[in-house]
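Structural overview for review
Below, each chain spelled out in residue letters.
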Amino acid sequence: MSNVVIVFNAGSSSLKFTVFQITEKTVIQKMIKGRIEYDAETFHFFAHDQNDQLIDQTTQSQKSTNSLQYLLNWLTEHEQGRHNIIGIGHRIVHGGASFLAPTRITPAILAELEALTPFAPLHQPQTLAPVHAIANYQPWLPQVACFDTAFHRTMPDITRLLPLPRHYAQKGVIRYGFHGLSYDYLTQRLKQIDPHLANGRTILAHLGSGASLCAIKEGKSVETTMGFSALDGLMMGSRCGMIDPGVLLYMLREEKADWDTLVNTLYHQSGLLGVSGVSSDMRVLRERLQHEKNPGARAPIEQALALSSYRIVEEIGALAAIMGGLDGLVFTAGIGEHDAQLRQEVCKSLGWLGLKLDVQANMQHASIITHPDSSIRVRVEPTHEELVICQNVLPFVQDQL
(Lines give C-alpha, C1' and ligand atoms only; values in the text may rest on other atoms or scores of the structure.)
Protein backbone atom coordinates (compact mmCIF):
# COMPACT_ATOMS: atom_id res chain seq x y z
CA MET A 1 0.00 0.00 0.00
CA SER A 2 1.15 3.53 -0.72
CA ASN A 3 1.55 6.07 2.06
CA VAL A 4 -0.73 9.11 2.18
CA VAL A 5 -1.00 12.30 4.22
CA ILE A 6 -4.37 14.00 4.59
CA VAL A 7 -4.51 17.78 4.93
CA PHE A 8 -7.44 19.72 6.40
CA ASN A 9 -8.04 23.40 5.73
CA ALA A 10 -11.06 24.52 7.73
CA GLY A 11 -12.80 27.86 7.25
CA SER A 12 -15.89 29.54 8.62
CA SER A 13 -18.23 28.19 5.93
CA SER A 14 -16.31 25.27 4.42
CA LEU A 15 -13.83 22.50 5.14
CA LYS A 16 -11.35 21.60 2.42
CA PHE A 17 -9.35 18.37 2.44
CA THR A 18 -6.58 17.00 0.24
CA VAL A 19 -5.10 13.50 0.11
CA PHE A 20 -1.43 13.43 -0.90
CA GLN A 21 0.48 10.30 -1.88
CA ILE A 22 4.03 10.22 -0.52
CA THR A 23 6.76 8.32 -2.34
CA GLU A 24 10.52 8.21 -1.80
CA LYS A 25 10.11 10.25 1.41
CA THR A 26 9.83 13.61 -0.35
CA VAL A 27 7.86 13.19 -3.59
CA ILE A 28 4.29 14.42 -3.13
CA GLN A 29 1.39 13.80 -5.50
CA LYS A 30 -2.17 15.01 -5.03
CA MET A 31 -4.64 12.12 -5.23
CA ILE A 32 -7.96 13.49 -3.99
CA LYS A 33 -9.20 16.98 -3.25
CA GLY A 34 -12.58 17.79 -1.80
CA ARG A 35 -14.61 20.08 0.39
CA ILE A 36 -17.63 20.35 2.60
CA GLU A 37 -19.73 23.50 2.26
CA TYR A 38 -22.21 24.49 4.95
CA ASP A 39 -25.49 26.34 4.85
CA ALA A 40 -28.20 26.78 7.45
CA GLU A 41 -29.44 23.19 7.71
CA THR A 42 -27.39 21.06 5.30
CA PHE A 43 -23.86 20.39 4.19
CA HIS A 44 -22.69 19.61 0.67
CA PHE A 45 -19.84 17.15 0.10
CA PHE A 46 -17.66 17.12 -3.05
CA ALA A 47 -14.62 15.01 -3.94
CA HIS A 48 -12.40 15.19 -7.05
CA ASP A 49 -9.58 12.98 -8.28
CA GLN A 50 -6.06 14.09 -9.26
CA ASN A 51 -7.41 15.17 -12.66
CA ASP A 52 -10.08 17.33 -10.99
CA GLN A 53 -12.82 14.96 -12.14
CA LEU A 54 -15.78 14.73 -9.76
CA ILE A 55 -15.84 11.31 -8.10
CA ASP A 56 -18.47 11.84 -5.40
CA GLN A 57 -20.94 14.39 -4.14
CA THR A 58 -23.87 14.41 -1.74
CA THR A 59 -26.05 16.70 0.32
CA GLN A 60 -26.89 15.75 3.89
CA SER A 61 -28.94 17.26 6.69
CA GLN A 62 -26.78 18.61 9.52
CA LYS A 63 -29.48 17.58 11.95
CA SER A 64 -29.21 13.88 11.07
CA THR A 65 -25.55 13.56 10.00
CA ASN A 66 -22.38 15.03 11.52
CA SER A 67 -20.40 16.45 8.61
CA LEU A 68 -16.96 15.65 10.08
CA GLN A 69 -18.02 12.11 10.91
CA TYR A 70 -19.32 11.72 7.37
CA LEU A 71 -15.99 12.91 5.96
CA LEU A 72 -13.93 10.64 8.20
CA ASN A 73 -16.09 7.64 7.29
CA TRP A 74 -15.70 8.51 3.60
CA LEU A 75 -11.92 8.81 3.89
CA THR A 76 -11.71 5.50 5.76
CA GLU A 77 -13.80 3.78 3.12
CA HIS A 78 -11.79 5.21 0.21
CA GLU A 79 -8.26 5.20 1.63
CA GLN A 80 -7.78 2.48 4.22
CA GLY A 81 -7.18 -0.90 2.67
CA ARG A 82 -5.72 0.75 -0.44
CA HIS A 83 -3.48 3.32 1.19
CA ASN A 84 -1.70 3.71 4.49
CA ILE A 85 -2.65 6.98 6.21
CA ILE A 86 0.54 8.01 8.00
CA GLY A 87 -0.31 11.53 9.16
CA ILE A 88 -2.76 14.41 9.25
CA GLY A 89 -1.93 18.08 8.71
CA HIS A 90 -4.11 20.97 9.82
CA ARG A 91 -4.19 24.66 8.99
CA ILE A 92 -4.54 26.37 12.36
CA VAL A 93 -5.36 30.06 12.11
CA HIS A 94 -3.71 31.29 15.30
CA GLY A 95 -0.47 30.14 16.88
CA GLY A 96 -0.11 33.04 19.27
CA ALA A 97 3.34 34.12 20.39
CA SER A 98 4.55 30.61 21.22
CA PHE A 99 3.83 28.44 18.18
CA LEU A 100 6.30 29.59 15.52
CA ALA A 101 6.76 26.30 13.65
CA PRO A 102 4.73 23.18 12.79
CA THR A 103 3.95 21.23 15.95
CA ARG A 104 2.84 17.66 16.71
CA ILE A 105 -0.54 17.86 18.42
CA THR A 106 -0.83 16.26 21.85
CA PRO A 107 -3.62 16.73 24.40
CA ALA A 108 -1.50 19.38 26.13
CA ILE A 109 -0.78 21.21 22.84
CA LEU A 110 -4.46 21.07 21.89
CA ALA A 111 -5.36 22.69 25.21
CA GLU A 112 -2.87 25.49 24.51
CA LEU A 113 -4.34 26.05 21.06
CA GLU A 114 -7.85 26.18 22.49
CA ALA A 115 -6.64 28.79 24.98
CA LEU A 116 -5.88 31.05 21.99
CA THR A 117 -9.55 31.12 20.98
CA PRO A 118 -10.11 34.64 22.44
CA PHE A 119 -7.61 35.91 19.85
CA ALA A 120 -9.58 34.36 16.95
CA PRO A 121 -13.02 33.45 18.33
CA LEU A 122 -14.62 32.88 14.94
CA HIS A 123 -11.76 30.99 13.29
CA GLN A 124 -9.85 29.01 15.93
CA PRO A 125 -12.73 26.67 16.90
CA GLN A 126 -13.37 25.92 13.22
CA THR A 127 -9.77 24.92 12.55
CA LEU A 128 -9.56 22.82 15.73
CA ALA A 129 -12.81 20.93 15.10
CA PRO A 130 -11.20 18.36 12.72
CA VAL A 131 -8.41 17.82 15.27
CA HIS A 132 -10.93 16.82 17.90
CA ALA A 133 -12.86 14.61 15.49
CA ILE A 134 -9.78 12.67 14.38
CA ALA A 135 -8.47 12.33 17.94
CA ASN A 136 -11.75 10.64 18.84
CA TYR A 137 -12.05 8.60 15.65
CA GLN A 138 -8.47 7.43 15.05
CA PRO A 139 -6.38 8.56 18.04
CA TRP A 140 -3.24 6.74 16.87
CA LEU A 141 -2.82 8.96 13.80
CA PRO A 142 -0.13 11.66 14.14
CA GLN A 143 -1.67 15.12 13.77
CA VAL A 144 0.44 18.20 12.98
CA ALA A 145 -0.62 21.83 13.42
CA CYS A 146 0.61 24.36 10.85
CA PHE A 147 0.02 27.98 11.73
CA ASP A 148 -1.14 30.89 9.57
CA THR A 149 0.63 33.29 11.94
CA ALA A 150 4.06 31.59 11.96
CA PHE A 151 5.36 33.01 8.66
CA HIS A 152 5.26 36.50 10.14
CA ARG A 153 7.57 35.63 13.06
CA THR A 154 10.33 37.52 11.22
CA MET A 155 8.54 40.87 11.43
CA PRO A 156 10.47 43.41 13.52
CA ASP A 157 9.27 43.81 17.11
CA ILE A 158 8.21 47.40 16.50
CA THR A 159 5.71 46.33 13.84
CA ARG A 160 4.00 44.00 16.30
CA LEU A 161 3.19 46.67 18.87
CA LEU A 162 -0.23 48.28 19.07
CA PRO A 163 -0.43 51.82 20.48
CA LEU A 164 -2.30 50.67 23.59
CA PRO A 165 -1.40 50.57 27.29
CA ARG A 166 1.53 48.21 27.79
CA HIS A 167 -0.43 45.61 29.75
CA TYR A 168 -2.33 44.64 26.59
CA ALA A 169 0.88 43.57 24.88
CA GLN A 170 1.73 41.53 27.96
CA LYS A 171 -1.56 39.69 27.47
CA GLY A 172 -0.70 38.93 23.83
CA VAL A 173 -2.72 41.72 22.27
CA ILE A 174 -0.23 42.48 19.51
CA ARG A 175 -0.09 42.23 15.71
CA TYR A 176 0.37 38.70 14.37
CA GLY A 177 -0.53 38.62 10.67
CA PHE A 178 -2.30 35.81 8.81
CA HIS A 179 -2.40 33.94 5.47
CA GLY A 180 1.11 32.78 6.38
CA LEU A 181 0.80 29.34 4.77
CA SER A 182 -0.11 30.97 1.46
CA TYR A 183 2.81 33.39 1.76
CA ASP A 184 5.15 30.55 2.70
CA TYR A 185 4.23 28.71 -0.51
CA LEU A 186 4.62 31.81 -2.68
CA THR A 187 8.02 32.58 -1.19
CA GLN A 188 9.18 29.04 -1.97
CA ARG A 189 7.73 29.32 -5.47
CA LEU A 190 9.50 32.63 -6.17
CA LYS A 191 12.82 31.10 -5.20
CA GLN A 192 12.27 28.61 -8.02
CA ILE A 193 10.92 30.87 -10.75
CA ASP A 194 12.05 34.40 -9.88
CA PRO A 195 15.00 34.68 -7.45
CA HIS A 196 15.13 38.44 -8.04
CA LEU A 197 11.70 38.91 -6.49
CA ALA A 198 12.29 36.23 -3.86
CA ASN A 199 15.33 38.10 -2.58
CA GLY A 200 14.13 41.62 -3.30
CA ARG A 201 11.39 43.93 -2.03
CA THR A 202 8.17 42.19 -3.01
CA ILE A 203 4.54 42.49 -1.99
CA LEU A 204 2.45 39.32 -2.01
CA ALA A 205 -1.27 39.98 -2.48
CA HIS A 206 -3.53 37.19 -1.20
CA LEU A 207 -6.90 38.38 -2.49
CA GLY A 208 -9.90 36.16 -1.84
CA SER A 209 -12.97 36.39 0.36
CA GLY A 210 -10.38 37.06 3.04
CA ALA A 211 -7.59 39.33 1.82
CA SER A 212 -4.25 40.67 2.93
CA LEU A 213 -0.89 41.90 1.66
CA CYS A 214 2.53 40.84 2.90
CA ALA A 215 5.79 42.68 2.35
CA ILE A 216 8.75 40.31 2.00
CA LYS A 217 12.33 41.48 1.95
CA GLU A 218 15.07 38.97 1.26
CA GLY A 219 12.44 36.23 1.48
CA LYS A 220 11.16 37.17 4.94
CA SER A 221 7.99 38.84 6.13
CA VAL A 222 8.67 42.37 7.35
CA GLU A 223 5.09 43.71 7.44
CA THR A 224 1.54 42.66 6.62
CA THR A 225 -1.86 44.31 6.49
CA MET A 226 -3.64 41.97 8.91
CA GLY A 227 -2.71 42.55 12.52
CA PHE A 228 -4.23 41.30 15.76
CA SER A 229 -7.08 39.66 13.88
CA ALA A 230 -8.11 38.56 10.41
CA LEU A 231 -10.51 41.51 10.43
CA ASP A 232 -7.78 44.11 9.91
CA GLY A 233 -6.29 45.62 6.76
CA LEU A 234 -7.89 45.38 3.33
CA MET A 235 -11.59 45.58 2.57
CA MET A 236 -12.78 41.99 2.02
CA GLY A 237 -15.83 40.08 0.83
CA SER A 238 -17.90 40.64 3.96
CA ARG A 239 -15.26 41.98 6.39
CA CYS A 240 -14.62 45.69 6.78
CA GLY A 241 -10.83 45.61 7.12
CA MET A 242 -9.18 48.65 8.71
CA ILE A 243 -11.74 50.88 10.39
CA ASP A 244 -11.68 53.90 12.69
CA PRO A 245 -12.36 52.53 16.21
CA GLY A 246 -14.53 55.58 16.75
CA VAL A 247 -17.11 53.87 14.53
CA LEU A 248 -17.28 51.01 17.02
CA LEU A 249 -17.72 53.46 19.88
CA TYR A 250 -20.57 55.06 17.93
CA MET A 251 -22.23 51.65 17.46
CA LEU A 252 -21.88 50.87 21.15
CA ARG A 253 -23.26 54.16 22.41
CA GLU A 254 -25.78 55.29 19.81
CA GLU A 255 -27.05 51.89 18.63
CA LYS A 256 -26.52 49.96 21.89
CA ALA A 257 -24.71 47.28 19.87
CA ASP A 258 -23.64 44.15 21.75
CA TRP A 259 -20.80 41.75 20.95
CA ASP A 260 -22.91 39.62 18.60
CA THR A 261 -24.07 42.68 16.67
CA LEU A 262 -20.52 43.97 16.27
CA VAL A 263 -19.27 40.57 15.11
CA ASN A 264 -22.09 40.17 12.62
CA THR A 265 -21.63 43.68 11.26
CA LEU A 266 -17.84 43.71 10.98
CA TYR A 267 -17.30 40.12 9.84
CA HIS A 268 -20.45 39.21 7.91
CA GLN A 269 -22.25 42.36 6.71
CA SER A 270 -19.44 44.71 5.67
CA GLY A 271 -16.84 44.80 2.89
CA LEU A 272 -18.04 44.27 -0.67
CA LEU A 273 -21.39 43.04 0.61
CA GLY A 274 -21.96 46.01 2.87
CA VAL A 275 -21.00 48.73 0.41
CA SER A 276 -22.68 47.17 -2.63
CA GLY A 277 -25.75 45.86 -0.82
CA VAL A 278 -25.68 43.00 -3.33
CA SER A 279 -23.02 40.37 -2.73
CA SER A 280 -19.70 39.56 -1.07
CA ASP A 281 -18.57 37.78 -4.24
CA MET A 282 -16.51 39.87 -6.65
CA ARG A 283 -17.65 37.71 -9.58
CA VAL A 284 -21.31 38.38 -8.82
CA LEU A 285 -20.68 42.12 -8.64
CA ARG A 286 -18.82 42.17 -11.95
CA GLU A 287 -21.63 40.20 -13.60
CA ARG A 288 -24.33 42.39 -12.10
CA LEU A 289 -22.58 45.54 -13.28
CA GLN A 290 -22.48 44.24 -16.85
CA HIS A 291 -26.24 43.87 -17.02
CA GLU A 292 -27.52 46.56 -14.65
CA LYS A 293 -28.75 49.64 -16.54
CA ASN A 294 -30.24 51.59 -13.64
CA PRO A 295 -27.71 54.25 -12.53
CA GLY A 296 -29.06 54.18 -8.98
CA ALA A 297 -28.51 50.43 -8.73
CA ARG A 298 -25.10 50.59 -10.43
CA ALA A 299 -23.65 53.27 -8.15
CA PRO A 300 -23.20 51.23 -4.93
CA ILE A 301 -21.73 48.32 -6.87
CA GLU A 302 -19.26 50.62 -8.63
CA GLN A 303 -18.35 52.18 -5.29
CA ALA A 304 -17.74 48.79 -3.68
CA LEU A 305 -15.40 47.72 -6.48
CA ALA A 306 -13.62 51.08 -6.53
CA LEU A 307 -13.14 51.10 -2.76
CA SER A 308 -11.69 47.60 -2.86
CA SER A 309 -8.98 48.50 -5.38
CA TYR A 310 -8.37 51.87 -3.68
CA ARG A 311 -7.63 50.18 -0.36
CA ILE A 312 -5.22 47.76 -2.03
CA VAL A 313 -3.33 50.60 -3.68
CA GLU A 314 -3.28 52.54 -0.41
CA GLU A 315 -1.77 49.61 1.49
CA ILE A 316 0.74 48.81 -1.27
CA GLY A 317 1.99 52.38 -0.98
CA ALA A 318 2.46 51.98 2.77
CA LEU A 319 4.30 48.66 2.43
CA ALA A 320 6.55 50.01 -0.33
CA ALA A 321 7.48 52.90 1.94
CA ILE A 322 8.30 50.49 4.78
CA MET A 323 10.64 48.52 2.49
CA GLY A 324 12.19 51.60 0.91
CA GLY A 325 10.98 50.72 -2.57
CA LEU A 326 9.30 47.97 -4.53
CA ASP A 327 10.73 45.39 -6.93
CA GLY A 328 7.75 43.12 -7.44
CA LEU A 329 4.09 42.42 -6.80
CA VAL A 330 2.48 38.97 -6.83
CA PHE A 331 -1.29 38.43 -7.07
CA THR A 332 -2.71 35.17 -5.73
CA ALA A 333 -5.89 33.47 -4.40
CA GLY A 334 -9.31 33.51 -6.06
CA ILE A 335 -9.63 37.22 -6.85
CA GLY A 336 -5.92 37.83 -7.29
CA GLU A 337 -5.58 35.02 -9.83
CA HIS A 338 -8.78 35.52 -11.80
CA ASP A 339 -9.93 39.16 -11.65
CA ALA A 340 -8.00 40.87 -14.44
CA GLN A 341 -9.93 44.11 -14.04
CA LEU A 342 -8.96 44.56 -10.41
CA ARG A 343 -5.32 43.82 -11.25
CA GLN A 344 -5.45 46.41 -14.03
CA GLU A 345 -6.92 49.06 -11.75
CA VAL A 346 -4.29 48.43 -9.08
CA CYS A 347 -1.38 48.34 -11.50
CA LYS A 348 -2.42 51.49 -13.36
CA SER A 349 -2.62 53.33 -10.05
CA LEU A 350 1.00 52.32 -9.41
CA GLY A 351 2.25 53.73 -12.72
CA TRP A 352 3.99 56.56 -10.85
CA LEU A 353 6.34 53.91 -9.44
CA GLY A 354 7.39 52.93 -12.95
CA LEU A 355 5.01 49.96 -13.23
CA LYS A 356 4.06 49.32 -16.87
CA LEU A 357 1.17 46.88 -17.24
CA ASP A 358 0.95 44.60 -20.27
CA VAL A 359 -2.82 44.79 -20.73
CA GLN A 360 -3.05 41.81 -23.05
CA ALA A 361 -0.94 39.58 -20.79
CA ASN A 362 -3.10 40.63 -17.86
CA MET A 363 -6.34 39.76 -19.66
CA GLN A 364 -4.86 36.35 -20.49
CA HIS A 365 -3.90 35.81 -16.82
CA ALA A 366 -0.28 35.30 -17.82
CA SER A 367 2.35 34.52 -15.22
CA ILE A 368 4.03 37.92 -15.80
CA ILE A 369 1.69 40.80 -16.63
CA THR A 370 4.13 43.71 -16.96
CA HIS A 371 6.31 44.84 -19.85
CA PRO A 372 10.00 43.90 -19.78
CA ASP A 373 10.99 47.53 -19.15
CA SER A 374 8.63 47.94 -16.19
CA SER A 375 10.43 49.02 -13.00
CA ILE A 376 8.21 46.65 -11.03
CA ARG A 377 7.59 43.08 -12.13
CA VAL A 378 4.05 41.86 -11.49
CA ARG A 379 3.27 38.16 -11.42
CA VAL A 380 0.10 36.08 -11.11
CA GLU A 381 0.64 32.81 -9.25
CA PRO A 382 -1.74 30.25 -7.75
CA THR A 383 -1.18 29.48 -4.10
CA HIS A 384 -1.12 26.02 -2.51
CA GLU A 385 -1.49 26.12 1.25
CA GLU A 386 -2.31 22.42 1.41
CA LEU A 387 1.02 21.47 -0.19
CA VAL A 388 2.93 23.53 2.38
CA ILE A 389 1.03 21.78 5.17
CA CYS A 390 1.83 18.36 3.71
CA GLN A 391 5.52 19.26 3.45
CA ASN A 392 5.46 20.29 7.09
CA VAL A 393 3.91 16.98 8.16
CA LEU A 394 6.63 14.82 6.59
CA PRO A 395 9.39 15.41 9.19
CA PHE A 396 7.02 14.07 11.85
CA VAL A 397 6.30 10.79 10.02
CA GLN A 398 9.71 9.91 8.56
CA ASP A 399 9.82 6.68 10.53
CA GLN A 400 6.76 5.43 8.63
CA LEU A 401 8.16 6.08 5.15
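Structural data are supplied above this passage.
Our subject in this report is the structure included herewith. The structure presented is a predicted model; accordingly, all values stated were derived computationally and were not measured. (Residues numbered from 1 in each chain as written. Predicted model: local features only at pLDDT ≥ 70, side-chain atom pairs only at ≥ 80, totals over all residues. Heavy atoms only, no water.)

**Quick notes on the overall build of the protein**
Here is the rule we go by: Helix numbers and strand numbers start at the N terminus; a helix is a DSSP run of H or I with at least 4 residues, a strand a run of E with at least 2. Think of it in three bands: with a 1.4 Å probe and only protein chains considered, a residue is buried below 20% of the maximum accessible area for its type, exposed above 50%, and partly exposed in between. The method behind every accessible area is Shrake-Rupley, applied with a 1.4 Å probe, and residues are considered shielded solely by the protein chains displayed. In this tally, Asp and Glu contribute negative charge and Lys and Arg positive charge; neither His nor the terminal groups of the chain are included. The atom standing in for a charge is NZ when the residue is Lys, CZ when it is Arg, CG when it is Asp and CD when it is Glu.
Helix and strand counts for the protein come out as 16 helices and 13 strands. By principal-axis analysis of the C-alpha atoms, the protein measures approximately 60 × 55 × 50 Å. The buried share of the protein, taken over its 401 residues, is 51%. Total accessible area on the protein stands at roughly 18,600 Å², and carbon and sulfur atoms take up 51% of it. Separation of charge centres in the protein, based on 33 positive and 39 negative side chains, amounts to 4 Å.

**Notes on the sheet that holds strand 13 (residues 377-380)**
Worth spelling out the cut-off: Two strands qualify as a pair provided that DSSP identifies no fewer than 2 bridges between them. The angle between two axes is taken between their N-to-C directions and runs from 0 to 180 degrees, where each axis is a line fitted to C-alpha atoms and a helix contributes only its stretch in contact. The contact definition used throughout considers only heavy atoms, calling two residues in contact when any of these lie within 4.5 Å.
Strand order in the open sheet formed by five strands is 11-10-9-12-13, and the pairing between neighbours is mixed. Edge positions in the open sheet fall to strand 11 (220-224) and strand 13, since each of these has one partner strand only. Strand-to-strand twist of the sheet, defined as the mean angle between neighbouring strand axes without regard to direction, takes the value 25°. The pairing of strand 12 (residues 328-332) with strand 13 spans four bridges and is parallel. The residue bridging Gly328 from the neighbouring strand is Arg377, located in strand 13. Running over the sheet, helix 12 (residues 295-323) touches strand 9 (201-207), strand 10 (211-217), strand 11 and strand 12 and is turned about 20° from strand 10.

**Regarding a nonpolar patch on the surface**
Going by this rule: Nonpolar side chains (Val, Leu, Ile, Met, Phe, Trp, Tyr) are joined into patches within 5 Å and like charges within 9 Å, using only residues with over 30% relative accessible area and no salt bridge. By salt bridge we mean one thing: a side-chain nitrogen of Lys or Arg within 4 Å of a carboxyl oxygen of Asp or Glu.
Together, Val275, Leu307 and Tyr310 make up an exposed nonpolar region whose accessible area comes to about 270 Å². Topologically, Leu307 is positioned in helix 12. Relative accessible area serves as the criterion here: at 35%, Leu307 is assigned to the partly exposed category.

**Brief notes about the pattern of salt bridges**
In total, this model carries 16 salt bridges according to the counting rule given. With its nearest N and O atoms 3.1 Å apart, the salt bridge here joins Arg286 to Asp339. Of this pair, Arg286 sits in helix 11 (residues 282-291) while Asp339 is found in the loop between helix 13 (333-338) and helix 14 (340-349), placing the two residues 53 residues apart along the sequence. A single burial state applies to Arg286 and to Asp339, both of which are buried. The shortest N-O distance in the salt bridge between Glu381 and Arg379 comes to 4.0 Å. Through salt bridges with shared partners, one network takes in Arg189, Asp194, Arg377, Arg379 and Glu381.

**Observations regarding the pairing of strand 9**
Counting buried positions along strand 9 gives six out of seven residues, so the element sits mostly inside the fold. Of the strand pairs in this sheet, strand 9 and strand 12 are connected by five bridges, and their pairing is parallel. The residue of strand 12 that forms the bridge with Thr202 is Gly328.

**Notes on the sheet that holds strand 4 (residues 42-49)**
Reading across the sheet, the eight strands line up as 5-4-3-2-1-6-8-7 and stay open at both edges, with mixed pairing between neighbours. Of all the strands in the sheet, just strand 5 (54-61) and strand 7 (103-104) have a single pairing partner and so form its edges. Bridge count between strand 1 (residues 2-10) and strand 2 (residues 14-23): eight bridges; the pairing is antiparallel. The partner of Asn9 across the bridge, within strand 2, is Lys16. Docked against the sheet, helix 3 (residues 124-137) engages strand 1, strand 2, strand 6 (83-92) and strand 8 (143-147), running at close to 155° with respect to strand 6.

**Quick notes on the pairing of strand 3 (residues 27-38)**
In terms of strand pairing, strand 2 meets strand 3 through 10 bridges, oriented antiparallel. By the bridge assignment, Thr23 is partnered in strand 3 with Val27. Pairing of strand 3 with strand 4 involves seven bridges; the strand directions are antiparallel. Bridge pairing links Arg35 to Phe46 in strand 4. Between strand 3 and the antiparallel strand that follows it, strand 4, lie three residues.

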